[in-house]
Amino acid sequence: MKLYLDTGDTGAVREAMALGVIDGVTTNPSLVASTDDSYRTVIANLADLVDGPLFVQVLADDVEGMVEEAHGYQQWADDIVVKIPATREGFEALGRLRETGVRAGTTVLFSVEQAVLAAKNDATFVAPYVGRLDDAGSDGVGTVKRIQTIYDTYGFETEVLAASIRNTTQAVALYEAGVDAVTMSPSVLDDHIPHPGTDEGVAGFEADWGDRGSPLTE
Ligand code: G3P
């Protein structure tokens, strides 16, 4: 199972990498636009910190533009995977990139049908938008499960990378479903850590130990 951080914030990436649990970073134009730096600078800075793939999204909405951006991103850093929206033009661009060996997959994905087209096009990954599906009154986790089942049935190698995760309840449901990969914001990752029982337990051990000092020097 892969765990990615969904952000354009280098400070957040540094903190998350220190935890030792992050397999790569996903970004999108909105996340990059929330910084003051150019797209290229943000990606280069993230690439310096990340041990693993960096997922970078195209902005163009025409096939030629998507293909051109995808090739351009390859010059910015090693281990770039290109994110292409699930539009007609996006599927065509995906096919073109496959022929040139650029790793690319389908994002802004909302349906099983789109996921089937992506897999048929040898997409490296698909990113179903779990939170936005739920927002729209659909079943985000259920959609991911259906995609994963179809991929497993046919043996598609496209990675199911659940995105737009809003909370740990959604994340845990995806883990239970055995999804290939999940990308989440730094705050949802942080929410995996605290538990009142842990706080209480640690406080109890410290109280019982009292003023005896470091176990290495007492
Ligand atoms: O990776 C896609 C993700 O960033 C979208 O998340 O929260 O804007 O729906 P959200």
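Our structure is the block above this text.
Before going into details, it helps to say that this report is about the structure given with it. (Residues numbered from 1 in each chain as written. Predicted model: local features only at pLDDT ≥ 70, side-chain atom pairs only at ≥ 80, totals over all residues. Heavy atoms only, no water.)

### Observations regarding the overall build of the protein
Here is step 1: Regarding its fold elements, the protein presents eleven helices and eight strands.
Here is step 2: Taken along the three principal axes of its C-alpha coordinates, the protein extends 70 × 35 × 30 Å.
Here is step 3: Residues classed as buried in the protein amount to 44% of the 218 residues present.
Here is step 4: Across the protein, every contact between residues at least 6 apart in sequence was considered, and the portion connecting residues at least 24 apart equals 53%.
Here is step 5: The centroid of the 14 positive side-chain charges in the protein is displaced by 7 Å from the centroid of its 36 negative side-chain charges. (Helix = DSSP H or I, 4+ residues; strand = E, 2+ residues; numbered from the N terminus. Buried < 20%, exposed > 50% of the residue type's maximum accessible area, 1.4 Å probe, protein only. Contact = heavy atoms within 4.5 Å. Lys, Arg positive; Asp, Glu negative; His and termini not counted. Charge placed at Lys NZ, Arg CZ, Asp CG, Glu CD.)

### Examining the site of the ligand
Here is step 1: By nearness alone, every residue bordering the ligand is listed as Asp6, Asn28, Lys83, Tyr129, Arg132, Ala163, Ser164 and Arg166.
Here is step 2: The separation between an oxygen atom of the ligand and a polar side-chain atom of Arg132 is 2.6 Å.
Here is step 3: Arg166 places a side-chain nitrogen or oxygen 2.7 Å from an oxygen atom of the ligand.
Here is step 4: Here the ligand, which alone exposes 310 Å², has 79% of that area covered by the protein.
Here is step 5: The residue makeup of the shell around the ligand, split by class, is two nonpolar, two polar and four charged. (Near = heavy atom within 4 Å. Polar contact = N/O pair within 3.5 Å; in protein donor to acceptor, adjacent residues only side chain to side chain. Areas by Shrake-Rupley, 256 points an atom, 1.4 Å probe, with all protein chains shown as cover. Nonpolar A, V, L, I, M, F, W, Y, C, P; charged D, E, K, R; others polar.)

### Remarks on the sheet that holds strand β3 (residues 54-57)
Here is step 1: If you trace the eight strands once around the closed barrel, you get β1-β2-β3-β4-β5-β6-β7-β8, paired in parallel fashion. Neighbour-to-neighbour, the strand axes of the sheet open up by a mean angle of 30 degrees, direction not taken into account.
Here is step 2: With two bridges connecting them, strand β6 (residues 125-128) and strand β7 (residues 159-165) associate as parallel partners. For Phe125, the partnering residue across the bridge sits in β7 and is Glu159.
Here is step 3: Across the sheet, helix α3 (residues 39-49) touches β2 (24-26), β3 and β4 (80-85), and the angle it forms with β3 is around 170 degrees. (Pairing = 2+ DSSP bridges. Axes fitted to C-alpha atoms, helices over the stretch in contact; angles between N-to-C directions.)

### With respect to the environment of Ile150
Here is step 1: With respect to the helices, strands and loops of the structure, Ile150 is situated in helix α8 (residues 140-154).
Here is step 2: A residue is classified by how much of its surface remains accessible, and Ile150, at 25% relative accessible area, is partly exposed.
Here is step 3: Note: C-alpha distance between Ile150 and Ala119 (31 residues apart in sequence) is 10.0 Å.
Here is step 4: Dropping the residues within four chain positions of it, Ile150 is found in contact with Val112, Val116 and Phe156.

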